[in-house]
Amino acid sequence: MSFALDAARAVWRTPRGRAGVLFLGFLVLLALVGPSLVPDPFRQFDLLELSSAAPSVDHPFGTDQLSRDVLARVVSGARISLAVAALAVGLSITLGAGMGLVAGYLGGAVDALIMRFVDGALAVPRLFLLLLVLAVPDRVPLIALILLIGTTGWFATSRLVRAEVLRLREESFVRAAEALGASRGRIIFRHLLVNATGPLLVAATLGVGDVILLEAGLSFLGLGVQPPTPSWGGMIMDARPVLDSAPWVGLFPGVAVTLTVLATSLVGDALRDVLDPRGA
Amino acid sequence: MRRWLAGRMLQAAVTLAIALVLLFLLVHILPGDPLAREGERALTPEQIEDLRRRYGLDRPLPSQLAAFLGGLGHGDLGTSIEYGRPVTALLLERLPATLLLGGAALLLNFTVGLWLGVRQAVRKDSREDRWLTTLSLTGYATPSFWLGLVLAGFVGVRWRLLPAAGMHDPLGAGDFLASSGDVLRHLILPAVTLSVVSIAGTMRYQRSAMIEVLRLPYIVTARAKGIPEHRVVWRHAWRNALFPVLTLFGLWLPILVSGSVFVEAVFAWPGLGSLAIAAVNNRDYPVLMGTSVVVALAVVLGTLASDVAYAVLDPRVRRS
Amino acid sequence: MTRWTLGAWLGGLAATATTLGTPPARAQAARDPSAAVIATGAEASVPVPTLMEGALASTANTDVADQLFLHLAELGPTLMTSGDRAFEPALARSWTRRDSVTLVFDLDPRATWHDGAPVTANDVVFTFRRARDPAVSTRLAGVLRHIVSVTAEGERRVVFRFAYPYAEQLYDAVFHVAPIPEHLLGRLPPAALATSAYAQAPIGSGPYRWVRRLPGEYVELAANEKFFLGAPAIKRVFFRLATDAGARFNMVLSGEANLMDNVPPPRDNLDRVAAVPTLRVVAVPSPILGYLLFNQRDPRDTSRPHPILGDQDVRRAIGLALDRRVMVRATFGTSASVPYGPTSPLLWIGHRTPPPARANVAEARRLLAARGWADRDGDGILDRNGQPLALTIMLPNTSGSRAQLALQAQEQLRQAGIHIELERLDFSVYTERRGRGSFDIDFAATSQDPSPTGLSQGWSCRGGTNFARYCDPAVDSLLEIAGRTTSHAAETWQAVLARIESDYPAVFVYALNYLTIVDRRFANVRIRPESLWLGLREWTVSSGARLRPAGY
């Protein structure tokens, strides 16, 4: 764990890493407490005046074409988008680590089976896997969406973990410990935790950005988070018709996606630099 | 080398086969009826039964899988529900447009990306280096459809500088030169959108490859000899830093293909991406399946080509 | 490699963009003013009348097919489907009646197929043999089930016999399918037609002939210069594809297309069209009708009447408490109106109806009070025997406009002391709940045929889509009479509507018009509700002076 702390400290020392961490921290805080500070985005209809208003003191981000406060929706959208990303990435990292560990540790037929499956799955871009699954049923509940995004994202992680396990198996200290009667599995597991945490952390950070983009894209196609639940991608889609007359409706959710993904990239990069200084 | 190549090709074939089975199972095991539609175009139960028979959906799963793979063997991907025509024919019609868009985006991505990557490596850790990285990451972080919408809305509709949608002006059909110009005009916005969101990777790879090369002794020697810096960078160093990056083009395929789905939809580009979107909207799953098969094939072939290119350039790979 | 290079590169790009980027609208209008580019959301796949089954019975296919294939006769401007008089001759020059079940058509001797062959009675007989064969065309065969036989008498005369006397015999004979050429298709097995070369380049008898299809981009048609009703003034027609409504709208705004079926919502988009000097908006009746449907049965036990809505006075009170004009105006602007009875603007029987009842909250409160509903606990909601007057409105979450209207209804009913909960449901859940009868009020929307006989589906006791279990024997018998009578069709249908209006099985909220976008250079524009671009052959192109408005 001291390792993780060291990494965090190192990331904090780089200006871009710090900017990313600060922004993500702000966003998480916003997602946690923000929705209670802004008006309820579900009941924001002004019945007499259904039209979008430009940003003002009352509505800093303006209102959308249904007179709903864009700020309130961006803030509520942050909770949805971050929750989807965090849960889906958590799932895919866990699955990936588990599969990689099993494949690398057991080897032989199991390894071959898992890895050939991973090869095959990686041959189809994640978006297409999701399109195929999501296009058939009429509507997909949020929890199923999270599960689907999570279970289509673990393939690359499992390769990473497997490689690490294979490397460890050949390490002399592991062999030595084994000769001394220690359980090989335990040794590998312990060292794996130490050695693979870094790469997994990088993968998770970048994965969050990818999932946010993916969710936005799916919502744009009408296959992601279903209205009226606000999600950033869905808001951009809803804003399309007023792009010209009321640009603020689509601008703010778009900027929110971009900044969030940018922040995850910055943190991920900084982490990678810390862990593998050669590439820097 | 020949044996390595044969082995690598076998591996690619196996990967593709697994991907195909996976695609098939995805569609057939999950709950939901691809033939049940909503709204105005809803089908009666009898019509659904009829379609079910026609598409062989009433047979047991293994026999459907066998039929699917058997059909693939001679290029048969089934019949589109929406078009009533063979999926293969539809895909072939749309493929050229996607190849054109993908090729243009890749070209733009590589020319600009490689050049900027080299600049970054030369000025490593300078303010410009940091800004270019942030800028390229911003491009990566921008949803492609959002960027496309903004470009189409402003450059296309508001300022009328370039066409906002389509690939050909229906009335622009003239001689070859005029119609190429027409296509080029339509191509600019989607290709720029697609390359902006994918350029970060090229820049990153080129930057680190270049940094490694610039550290090598022969560069130090060249500099010591007083060869102008410009020459050192572009003549001596870049050549050696270029190929490892070029061989990576296979890895760009999945990104470009996924991105083109959105970009084609926003710009009404008549390629596989907009075909896939229409298939999603119409629940035309044979077409969606066909598009996924083509994509999987492209990805596998791209990876194979990358590996082969890399092996040709770096003989160490073959021996290991 | 310096800053200079980047500047040069960007400069070059900008220069290329500007040279290539001549404003498309100006370029296009200048090049060929007699061409029409229609922006469409789906690609015509097999625009052949007998092939348009199942998913292929799409607007994309009918729009193209209606240019390529001429029907025997067309609906007149009144859209009246009943009787034999309101129709306009097309492929058939005239028709007469031998008896109440026999119709005789005389084909126009000048009519030819695009390959020059004359259109004969045998072509019509052949077409209906295909269309009435359930193995070939399940849907059409069902629609045409009242036709017993179609036979030829000589080269130009076709005789239709029907199973029994009814008002829409002519409509059934001409509306659903246009003749296809026997001399080209007679020897082709029906199953092979869809994948034949013919289906990829159909030969018809209409005002336009097939030129080509650029996959994923457009279908091109050219004027049939030998068209016997007069060569069209618009010489080339393109159906240009953009699946995405936003991209389609962009095409029209930027001048790359000059016709579109509807201004996509929201209302603000009308201003964007208005800002383009070369475009105008034409309102056209649509088949879309939206209504609040009251469940007649208890959602928990459909053998019992609904505890609140089973009472006709409560239904009437809800109807009177709603100011439908205000609701419709806020949501649709002027593009929709409040219907009288279940009539979309497309339905001819709704064209001369009395105005729908106006809102009257006082009367609503009086009706409710008379039925024992009063606010006894002072919470603003009426109650009776300790039970509050609370209902739910369910609607699918796919519809944005219905969501807006439902919110307004909720607010207006609150002021009348009625508490409304809104349930926005997944579409599949919505249809499932509707089928089970598990709802209080269903905010439904439907797309109607031009024929009013479709009303029996929703409003007769045994109707296939009568989800509210509404049953009034008087309505049933009126529907029966209206379907058969030829002499007083309009009056009988009025009686049906009046009966439904007074029963309050539903509150009919909106009847939608399409707002088609039309380039101003087209004159003599007649957009036909039953098939928007059908009248294109009669449009003209105004002189060059109006082609380039100021500012261009």
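Values in this document were obtained by computation on a predicted structure and should not be read as measured data.

Reading guide: rules and limits
Residues numbered from 1 in each chain as written. Chains lettered and ligands numbered in written order. Predicted model: local features only at pLDDT ≥ 70, side-chain atom pairs only at ≥ 80, totals over all residues. Heavy atoms only, no water. Helix = DSSP H or I, 4+ residues; strand = E, 2+ residues; numbered from the N terminus. Contact = heavy atoms within 4.5 Å. Areas by Shrake-Rupley, 256 points an atom, 1.4 Å probe, with all protein chains shown as cover. Pairing = 2+ DSSP bridges. Axes fitted to C-alpha atoms, helices over the stretch in contact; angles between N-to-C directions. Disulfide = S-S within 2.5 Å. Buried < 20%, exposed > 50% of the residue type's maximum accessible area, 1.4 Å probe, protein only. Domains from an automatic or database assignment. Buried area = accessible area lost by both parts, 1.4 Å probe. Salt bridge = Lys/Arg side-chain N within 4 Å of Asp/Glu carboxyl O. Polar contact = N/O pair within 3.5 Å; in protein donor to acceptor, adjacent residues only side chain to side chain. 1 Å grid on protein atoms, 1.4 Å probe; cavity = no way out; pocket = protein on both sides within 12 Å on 5 of 7 lines; lining within 4 Å. Points joined across faces, edges and corners; volume = space filled by probe spheres on them. Nonpolar A, V, L, I, M, F, W, Y, C, P; charged D, E, K, R; others polar. Phe/Tyr/Trp six-rings, centres within 6.5 Å; stacked < 30°, edge-to-face > 60°. Core = buried A, V, L, I, M, F, W, Y, C linked by side-chain atoms within 4.5 Å. Parallel < 35°, antiparallel > 145°, perpendicular 65-115°, else oblique. Left-handed = near helix turned anticlockwise from the far one by under 90°. Expected span 1.5 Å × (residues − 1). Bend = angle between axes of the 7 residues up to and from the residue. pLDDT = per-residue confidence, 0-100.

Engineer: Even after reading the chapter, I still don't get the overall build of chain A, so can you show me in this structure?
Structural biologist: Regarding its fold elements, chain A presents 11 helices and 0 strands. Look at the contacts in chain A between residues 6 or more apart in sequence, and 71% of them connect residues 24 or more apart. Taken as a whole, chain A presents about 11,900 Å² of accessible surface, with 68% of it coming from carbon and sulfur.

Engineer: Explanation requested: the sheet that holds strand 6 (residues 147-153) of chain C in the structure shown.
Structural biologist: Through backbone hydrogen bonds, the strands of a sheet pair up, either in parallel or in antiparallel fashion. Residue and element names in this part refer to chain C. With antiparallel pairing, the 4 strands of this open sheet are ordered in space as 4-5-7-6. The outermost strands of the open sheet, each flanked by one partner alone, are strand 4 (92-99) and strand 6. Geometrically, the sheet is characterised by an average inter-axis angle of 20° between neighbouring strands, direction not taken into account. Bridge analysis of strand 4 against strand 5 (residues 102-107) gives 6 bridges, and the strand direction is antiparallel. Across the sheet, Ala92 pairs through a bridge with Leu107, a residue of strand 5.

Engineer: How should the state of the cysteines be read in this particular structure?
Structural biologist: Joining two cysteines, a disulfide is a covalent bond between their sulfur atoms. All names here are of chain C. Counted under the stated rule, the structure contains 1 disulfide over all chains. Note on cysteine connectivity: Cys461 is disulfide-linked to Cys471, with sulfurs 1.9 Å apart. Between Cys461 and Cys471 the disulfide shows an S-S torsion of about 85°. By sign, it is right-handed. Of this pair, Cys461 sits in the loop between helix 16 (455-459) and helix 17 (473-484) while Cys471 sits in the loop between helix 16 and helix 17; the two residues are 10 residues apart in sequence, bridging distant segments of the chain. Look at Cys471 and you get partly exposed, because its relative accessible area is 48%.

Engineer: What am I meant to see in the domain arrangement of chain C here?
Structural biologist: In many reports, interface size means the accessible area that the parts give up when they come together. Residue and element names in this part refer to chain C. Domain annotation for chain C reports domain 1 (6-65 + 187-284 + 515-541), domain 2 (73-184) and domain 3 (285-513). A separation of 29 Å is found between the C-alpha centroids of domain 1 and domain 2. Of the residues lining the interface, 26 residues belong to domain 1; the matching set on domain 2 comes to 30 residues. Between domain 1 and domain 2 lies a buried interface of about 2,300 Å² when both sides are counted; carbon and sulfur atoms form 57% of it. Counting across the domain 1 and domain 2 interface gives 4 salt bridges. Notably, a salt bridge pairs Arg526 with Glu88, separated by 3.7 Å at the nearest N-O pair. Taken together, the connections running from domain 1 to domain 2 amount to 10 residue pairs in polar contact (both at pLDDT 80 or more).

Engineer: It is not clear to me how the pairing of strand 7 (residues 157-162) of chain C should be interpreted in this structure. Could you clarify?
Structural biologist: Two faces, one strand: in a regular strand the side chains alternate between the faces of the sheet. Where strand 5 of chain C lies against strand 7 of chain C, 5 bridges are found, and the strand directions are antiparallel. When the bridges of strand 7 of chain C are listed, Val104(C) appears paired with Val159(C).

Engineer: Whenever I open this one, the pattern of salt bridges confuses me. Can you help?
Structural biologist: Where charged atoms of side chains with opposite charge meet at close range, the side chains can pair. For the structure on display, the rule yields 41 salt bridges over all chains. Between Arg123(B) and Glu128(B) there is a salt bridge; the shortest N-O distance is 3.5 Å. The closest approach of N and O atoms between Arg110(C) and Asp108(C), which form a salt bridge, is 2.9 Å. By relative accessible area, which is 4% here, Asp108(C) ends up buried. Each of Glu74(C), Glu88(C), Arg526(C), Arg528(C), Glu530(C), Arg537(C) and Glu538(C) takes part in a single network of salt bridges with overlapping partners.

Engineer: Help me understand empty space enclosed by the protein in this model?
Structural biologist: Over the atoms, a rolled probe matching the size of one water molecule traces out where space is still vacant. All names here are of chain C. For the coordinates displayed, the defined rule picks out 3 cavities of 30 Å³ or more. Roughly 50 Å³ of internal volume is contained in the largest cavity. Lining of the largest cavity is provided by Arg324, Ile500, Glu501, Tyr504, Pro505, Ala506, Val507 and Phe508. Secondary-structure elements contributing two or more residues to the lining of the largest cavity are helix 18 (489-503) and strand 21 (506-519). A per-element tally of the lining of the largest cavity places strand 21 first, with 3 residues. Considering only residue class, the lining of the largest cavity consists of 6 nonpolar, no polar and 2 charged.

Engineer: What's the story with the packing of aromatic side chains in this structure? I'm lost.
Structural biologist: For any pair of aromatic rings, the description rests on two quantities: the centre-to-centre distance and the angle between the ring planes. Residues and elements named next belong to chain C. Tallied over the full model, the rule gives 27 aromatic pairs over all chains. Ring plane angle 90° and centroid distance 4.9 Å describe the contact between Phe128 and Phe160, whose orientation is recorded as edge-to-face. Separated by 32 residues along the polypeptide, Phe128 in helix 4 (residues 121-131) and Phe160 in strand 7 bring together distant segments of the chain. You'll find Phe128 and Phe160 in the same group, each marked buried. Residues Phe160 and Phe162 carry aromatic rings whose centres are separated by 6.5 Å and whose planes lie at 20° to one another, so their mutual orientation is stacked. Under the relative-accessibility criterion, Phe160 is labelled buried at 0%. Residue classification places Phe162 among the buried residues on the basis of a relative accessible area of 3%. Among the aromatic residues, ring-to-ring pairing joins Trp95, Phe105, Phe128, Phe160, Phe162, Tyr164 and Tyr166 into one connected group.

Engineer: For this particular structure, what's the right way to read the nonpolar core?
Structural biologist: In globular proteins that are soluble, nonpolar side chains generally tend to be buried together. If you look at the biggest cluster of nonpolar residues, it comprises 158 residues, and the most contacted ones within it are Leu134(A), Ile149(A), Leu218(A), Trp232(A), Leu23(B), Phe145(B) and Ile517(C). Sorting elements by how many residues they give to this core places helix 9 (residues 184-220) of chain A first, with 12 residues. The residues contacting Ile149(A), other than those within four sequence positions of it, are Val84(A), Ala88(A), Arg126(A), Leu130(A), Val211(A), Leu214(A) and Leu218(A). Of all hydrophobic cores here, the second largest spans 101 residues; its members include Phe128(C), Val150(C), Leu221(C) and Val496(C).

Engineer: Explain the packing of helix 4 (residues 87-122) of chain B against helix 7 (residues 176-196) of chain B here, please?
Structural biologist: When two helices pack together, their arrangement is given by the angle between the helix axes and by the axis-to-axis distance. Residue and element names in this part refer to chain B. The N-to-C vectors of helix 4 and helix 7 enclose an angle of 60°; their axes lie 9 Å apart at closest approach. It follows from the interaxial angle that helix 4 and helix 7 lie oblique. Once helix 4 is placed against helix 7, the crossing between them reads as right-handed. Where helix 4 abuts helix 7, its residues Leu100, Leu101, Ala104, Ala105, Leu108 and Asn109 lie against Val183, Leu187, Pro190, Ala191, Val192, Leu194 and Ser195.

Engineer: In this structure, what is going on with the pairing of strand 18 (residues 390-396) of chain C? I would like to understand it.
Structural biologist: Residue and element names in this part refer to chain C. Of all the 7 residues making up strand 18, 5 are buried; the element is thus mostly covered by neighbouring parts of the structure. The pairing of strand 18 with strand 20 (residues 441-447) spans 2 bridges and is parallel. In the sheet register, Met394 faces strand 20, and the bridge partner there is Asp442.

Engineer: Any chance you could explain helix 7 of chain B here in plain terms?
Structural biologist: Residues spaced three or four apart along an α-helix point in a common direction, a consequence of the helix completing one turn every 3.6 residues. All names here are of chain B. Across its 21 residues, helix 7 extends 29 Å between first and last C-alpha, which sits within 8% of the 30 Å expected from 1.5 Å per residue. Along its length, helix 7 reaches its greatest deviation from straightness, about 40°, at Leu187, and the proline Pro190 lies no more than four positions downstream. Within the span of helix 7, buried status applies to Asp182, Val183, Arg185, His186, Leu187, Ile188, Leu189, Pro190, Ala191, Thr193, Leu194 and Ser195.

Engineer: Any chance you could explain helix 14 (residues 400-415) of chain C here in plain terms?
Structural biologist: All names here are of chain C. An ideal rise of 1.5 Å per residue puts 22 Å on 16 residues; helix 14 measures up with 24 Å between its terminal C-alpha atoms. Within helix 14, burial applies to Arg402, Ala403, Gln404, Leu405, Ala406, Leu407, Gln408, Ala409, Gln410, Gln412 and Leu413. Immediately downstream of helix 14, the backbone of Gly417 shows phi near 85°, a positive value.

Engineer: How do you make sense of unusual backbone geometry when you look at a structure like this?
Structural biologist: A negative phi angle characterises most non-glycine residues, just as the trans form characterises most peptide bonds. The phi dihedral of Ala268(B) is positive, around 50°, even though this residue is not glycine. Assignment of secondary structure puts Ala268(B) in the loop between helix 11 (249-267) and helix 12 (272-282).

Engineer: I tried to follow the confidence of the model for chain A on my own but got confused; where do I start?
Structural biologist: Interpreting fine coordinate detail is not advised for predicted regions of low pLDDT. For chain A, mean pLDDT is 80; residues scoring 70 or higher make up 87% of the total. Throughout residues 44-48 of chain A the model reports pLDDT below 50, and contacts reaching past four residues in sequence, or to other chains, amount to 15 contacts.

Engineer: Looking at this structure, I do not really get the confidence of the model for chain C. What am I missing?
Structural biologist: Residue and element names in this part refer to chain C. For chain C, the mean per-residue pLDDT works out to 87, and 91% of the residues sit at or above 70. For the stretch residues 545-552, pLDDT sits under 50, and the model shows 11 contacts to residues farther than four places along the chain or on other chains. Here the predicted complex scores 0.82 on pTM and 0.85 on ipTM.

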